[in-house]
Amino acid sequence: MGCASSIHISDRVVYHSGKESEDSHSPQQTNSTQHPGNPAASGLPTKPASCKPTLTEVPFGPMKLFKDQLQVLLVFAKEDSQSNGFCSACEKAGFRCSVVRSAESAAESFQEKHHDLVIMDHRHSRHFDAEALCRSIRAIPSSENTVIVAVVKRPDREEASVMPLINAGFNRRYVENANAMACYNELLQLEHGELRAQFKLRAGNAIFTALEQSQEAIEITSEDQVIQYVNPAYESIMGYQQGELIGKEIIEVPKSEKNKPDLLETINSCIRKGKEWQGIYYAKKRNGDSIQQNVKITPVIGQGGKIRHYVSINRPLNDNNKNDKPGVQAESQTDIQSSKHKDRRKGSLDVRSTTSRGSDGSSQRRHSSMARIHSMTIEAPITKVINIINAAQESSPMPVAEALDRVLEILRTTELYSPALGTKDEDPHTNDLVGGLMTDGLRRLSGNEYIFSTKPPHAPSHLATPLTLNDIPPRIAVTMENEDSWDFDIFTVEAATMKRPLTFLGMQIFSRFRVCEFLNCPEAVLRSWLQGVEANYHSSNSYHNSTHAADVLHATAYFLCKERVKQSLDPIDEVAALIAATVHDVDHPGRTNSFLCNAGSELAILYNDTAVLESHHAALAFQITTRDDKCNIFKNMERNEYRTLRQAIIDMVLATEMTKHFEHVNKFVNSINKPLAALDENGGNGDEESVKGVLTTPENRILIKRMLIKCADISNPCRPQELCIEWAGRISEEYFAQTDEEKRQCLPVVMPVFDRNTCSIPKSQISFIDYFITDMFDAWDAFADLPNLMQHLDNNFKYWKGMDDRKLHKLRPPPE
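Residues numbered from 1 in each chain as written. Predicted model: local features only at pLDDT ≥ 70, side-chain atom pairs only at ≥ 80, totals over all residues. Heavy atoms only, no water.

Chemist: Hey, could you go over the overall build of the chain for me, with residue numbers and the actual values?
Modeler: Along the backbone of the chain there are 34 helices and 14 strands. Relative to its 816 residues, the chain shows a buried fraction of 50%. Sequence-distant contacts, at least 24 apart, represent 70% of the contacts inside the chain between residues at least 6 apart. For the chain, the computed accessible surface area is about 39,200 Å², with 52% contributed by carbon and sulfur atoms. (Helix = DSSP H or I, 4+ residues; strand = E, 2+ residues; numbered from the N terminus. Buried < 20%, exposed > 50% of the residue type's maximum accessible area, 1.4 Å probe, protein only. Contact = heavy atoms within 4.5 Å. Areas by Shrake-Rupley, 256 points an atom, 1.4 Å probe, with all protein chains shown as cover.)

Chemist: I'd like a description of the confidence of the model for the chain, backed by residues and values.
Modeler: With 78% of its residues at a pLDDT of 70 or more, the chain has an overall mean of 81. For residues 319-378, every residue scores under 50 in pLDDT, and the model assigns this stretch 167 contacts once sequence neighbours within four places are set aside. Contacts for the low-pLDDT stretch residues 441-454, under 50 throughout, to residues beyond four places or in other chains number 38 contacts. (pLDDT = per-residue confidence, 0-100.)

Chemist: Would you mind going over the pattern of salt bridges in detail, with residue names and values included?
Modeler: If you walk through the whole model with that rule in mind, you get 33 salt bridges. Taking the shortest distance from any N to any O, the salt bridge between Arg-514 and Glu-517 comes out at 2.8 Å. Of the two residues, Arg-514 and Glu-517, neither departs from the other in class, the shared state being exposed. A salt bridge links Glu-733 to Arg-756; the nearest nitrogen and oxygen atoms lie 3.1 Å apart. Taken together, the positions of Glu-733 in helix H32 (residues 721-744) and Arg-756 in the loop between H32 and helix H33 (761-784) put the pair 23 residues apart, joining distant regions of the chain. Residue Glu-733 is classed as partly exposed on the basis of its relative accessible area, which comes to 32%. Ionic contacts of the salt-bridge type, sharing partners, join the residues Asp-80, Asp-121, Arg-123 and Glu-176 into one network. (Salt bridge = Lys/Arg side-chain N within 4 Å of Asp/Glu carboxyl O.)

Chemist: Help me get a handle on unusual backbone geometry, residues and values and all.
Modeler: The backbone phi angle of Asp-785 is positive, close to 65°, even though this residue is not glycine. Structurally, Asp-785 is set in the loop between H33 and helix H34 (787-805). Overall, the relative accessible area of 52% leaves Asp-785 in the exposed class. Here Lys-807, not a glycine, exhibits a phi torsion of approximately 60°, which is positive. Position of Lys-807 relative to the elements: it lies in the segment after H34. Owing to a relative accessible area of 69%, Lys-807 belongs among the exposed residues under this scheme.

Chemist: Residues and numbers for the sheet that holds strand E13 (residues 290-301), please.
Modeler: Strand order in this open sheet of five strands is E11-E10-E14-E13-E12, and the pairing throughout is antiparallel. At either margin of the open sheet sits one strand with a lone partner, and together these are strand E11 (227-230) and strand E12 (277-284). Averaged over all pairs of adjacent strands, the angle between strand axes in this sheet comes to 30°, irrespective of strand direction. Pairing between strand E10 (residues 217-222) and E11: three bridges, direction antiparallel. (Pairing = 2+ DSSP bridges. Axes fitted to C-alpha atoms, helices over the stretch in contact; angles between N-to-C directions.)

Chemist: Go over a nonpolar patch on the surface with me, naming the residues and quoting the values.
Modeler: Side chains of Val-162, Met-163 and Ile-166 sit close together on the surface and give an oily, nonpolar patch of about 240 Å² of accessible area. In this structure, Val-162 sits in the loop between strand E8 (147-152) and helix H5 (163-168). (Patch = residues over 30% accessible without salt bridge, like charges linked within 9 Å, V, L, I, M, F, W, Y side chains within 5 Å.)

Chemist: Describe the nonpolar core, naming the residues involved and giving the relevant values.
Modeler: Counting 117 residues, the largest nonpolar core has Phe-559, Phe-777 and Trp-780 as its most contacted members. Here this core takes 13 residues from H33, the largest share from any one element. In this structure, Phe-559 is in contact with Trp-486, Val-565, Leu-708, Cys-711, Ala-712, Phe-777, Trp-780, Leu-786 and Leu-789, ignoring residues within four places of it in sequence. If you look at the next biggest cluster of nonpolar residues, it comprises 24 residues, including Phe-95, Val-149, Cys-183 and Leu-195. (Core = buried A, V, L, I, M, F, W, Y, C linked by side-chain atoms within 4.5 Å.)

Chemist: Which residues make up the environment of Asn-636, and what are the values?
Modeler: Locating Asn-636 in the fold gives a position in the loop between helix H27 (612-626) and helix H28 (639-655). Residue Asn-636 is classed as partly exposed on the basis of its relative accessible area, which comes to 42%. Along the primary structure Asn-636 and Asn-520 are separated by 116 residues, whereas in three dimensions their C-alpha atoms are 6.0 Å apart. The residues touching Asn-636, leaving out its near neighbours within four places in the chain, are Leu-519, Asn-520 and Cys-521. Among the polar contacts listed, one links the side chain of Asn-636 to the backbone oxygen of Asn-520, at a separation of 2.8 Å. (Polar contact = N/O pair within 3.5 Å; in protein donor to acceptor, adjacent residues only side chain to side chain.)

Chemist: An account of helix H31 (residues 698-713) is needed here, citing residue identities and associated values.
Modeler: In this model H31 runs 23 Å from its N-terminal to its C-terminal C-alpha over 16 residues, within 8% of the 22 Å that 1.5 Å per residue would give. Burial runs high along H31: 13 of the 16 residues are buried. (Expected span 1.5 Å × (residues − 1).)

Chemist: Any chance you could break down the packing of aromatic side chains for me, citing the residues and the numbers?
Modeler: Tallied over the entire structure, the rule returns 22 aromatic pairs. Between the aromatic rings of Phe-622 and Phe-634, the centroid separation amounts to 5.7 Å while the plane-to-plane angle is 25°, which identifies the pairing as stacked. Of this pair, Phe-622 sits in helix H27 while Phe-634 sits in the loop between H27 and H28, and the two are twelve residues apart along the sequence. Over the ring of Trp-486 we find Arg-719, and its NZ or CZ is 3.8 Å from the ring centre. When the ring centre of Trp-727 is taken as reference, the NZ or CZ atom of Arg-730 above it lies at 5.6 Å. (Phe/Tyr/Trp six-rings, centres within 6.5 Å; stacked < 30°, edge-to-face > 60°. Lys NZ or Arg CZ within 6 Å of the ring centre and 35° of its normal.)

Chemist: So what about the packing of helix H22 (residues 546-560) against helix H24 (residues 571-583)? Which residues, and what values?
Modeler: For any two helices packed against each other, the geometry comes down to the angle between their axes and how far apart the axes lie. As a packed pair, H22 and H24 sit with axes 8 Å apart at the nearest point and diverge in direction by 160°. As summarised for this structure, H22 and H24 are arranged roughly antiparallel, according to the angle between their axes. Handedness of the crossing formed by H22 with H24: right-handed. Residues Ala-549, Val-552, Leu-553, Thr-556, Ala-557 and Leu-560 of H22 lie in contact with H24, whose contacting residues are Glu-574, Ala-577, Leu-578, Ala-581 and Thr-582. Taken together, the residues of the contact of H22 with H24 break down into eight nonpolar, two polar and one charged. (Parallel < 35°, antiparallel > 145°, perpendicular 65-115°, else oblique. Left-handed = near helix turned anticlockwise from the far one by under 90°. Nonpolar A, V, L, I, M, F, W, Y, C, P; charged D, E, K, R; others polar.)

Chemist: I'd like a description of H34, backed by residues and values.
Modeler: With 19 residues, H34 should reach 27 Å at 1.5 Å per residue; the first-to-last C-alpha distance of 27 Å fits that figure. Of all the residues in H34, the buried ones are Leu-789, Met-790, His-792, Leu-793, Asn-796, Tyr-799, Trp-800, Met-803 and Asp-804. Just beyond H34, the residue with positive phi is Lys-807, at close to 60°.

Chemist: Describe in detail the side chain of His-544, supporting the description with residues and values.
Modeler: Mapped onto the elements, His-544 comes out in the loop between helix H21 (523-535) and H22. Judged by relative accessible area, His-544 falls into the buried class, the value being 13%. A polar atom in the side chain of His-544 sits 2.4 Å from the side chain of Glu-734.

Here it is in structure tokens:
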């Protein structure tokens, strides 16, 4: 005989039991009545009843979980069509259901049954305070994994915020709809969504119990190597308390000096590929002692197919842990031997790693990689080179040993990529230009400290700005028609926009690259952001103003469209490049870093005389962006994606600092140009996969982005001649103004050649092109294929050389 569902009524609680056995001995069964909201009455099709409740299998990693019937608590002060709709839906879904009419009954029923789902009437506050009731249920420890839903009125006008409900402890809301199928669909979505997730989280308690009881030291870190968990065994072995470690980066934990110098590199190269690593390493205990351990580190793949955690399992070896029980030493030696044969097994799974605690090599591979990171001495590649040379000297003849001494002397300098600047008495322009751009100044303060204060960001002006691209005035739109061409004239846009080209050009370029779509932000927010950024560029600067920023943005967009660049970068890299170009000189004072350092400016003091302006540009850009939701283009980004984007933007802005110019260019040539050239020589255009391997490694993508923005930033000599001449005049005027001010302030004159009365602008341009531009654009052209730029560069160099040959000092020759 089938088992019919029924509603069981007591004084305060109505019990509705789905799919229960007819021979149940529940005392309320004698009072069973037909509920007005049953499925038959409402026309809702019913499931066939079964005498025995069925268990649903729920996979959770390697665990197999079985879920019993869900228990639902309906809290409605009075019976109405909405409560009947949910009753019918529960009956159809086969859920156990209790209906209560008061807050007190709800709390009492929940304490007794610990329901999986609570659906609470939030429409009639005169009967009970739903939010207060939700808070009181949340105060019960067993409610941690309960899903609580608020039934709310259908809004008459504006949609209300759900934050008050979330703050009260509700998981979601249900806009009133008494239709039985709508209620049933809501229950199904909850069952297969939040309720199933909470069911799995409850099972997580068993996993944590196993971790807490384990006798092996276990450590879990984030993908950024921030410690998230250590178990009691870890505390006991290492001497730390949990609170001393959680939240710290592993590099902050003291390391032992007993490990091999190249071990960290081995570990990193393994775990970065998502492979586990195992081995033996020395960790440093809290008391300073070193302890030798068998270690396995496992990268855990999570959201987006990326590594989200590292799990470290380690066990001390006998000779360093006198409290170990007899017999463990032999087991540890077995582990050591098994680790020697690890590479032969590739990615095969060692069954012992899943069945016994740390008893094999497979389990140790992963833990060692992570543990090594905070227990090994870090050795840079240059240190290895020096060690090899030192070893070679011991068996070398005297002349070779002396030559190697000179090599070591060079290698121990800090500026390996910066060329030595010889004295060029015949070319003071090069000396002054290089000295001014590539050093932090003479630091010889006169006593008059130049106060260049860090002012709060400017608010955008009240001049009308278009809401969308369609609102751009025709006279401005026509100046931007060919913005995808390298020969685009930014100065016509500057004139048409009354020195506000960045907002207008930015809207057009960002729209072309679908930046709003990537950032999930409205176009109006992007418009406000561009306004805010442009307002913080100084229009009084002859060169470092928003027109320069717009010009660099245009060059960046042009480079991003080159085929080789598109092969190399992801959408997030493109967005980072466009944003970095937009903000890369924001709030530039029209003075060099050397000037600010010599003047003792507040910015120089704040940034310790290191990359002063570039650090300020990057920091201020994020201050402007995040100070107001109306211009916060990052507001809707997922946290990890925002962090990645932010780091890329900062790295690119800092790359525009000229002191590391040769380092960036040489790394690009050696890491990208040369490997690509070798592939071309070996196989025509090179194997496609091999080329992709060179282009898309994280390290090389960083180098490409740095090179891209550097070339965009100082691309003026590669522009059409009239644009090149205009830019040369503007930068010269800015340097003249700096020299004037240095003389007025009795500060060291960083670039004496830039005296407006004696300077030869053609000579300064020739020196700049010779020293900074030619090699860099040769490398960039070899990568991105830019014949038009190289032709402009050749034409412009010839122009300046011709001017210099005629002993002319100005921008243009005198009229005939």
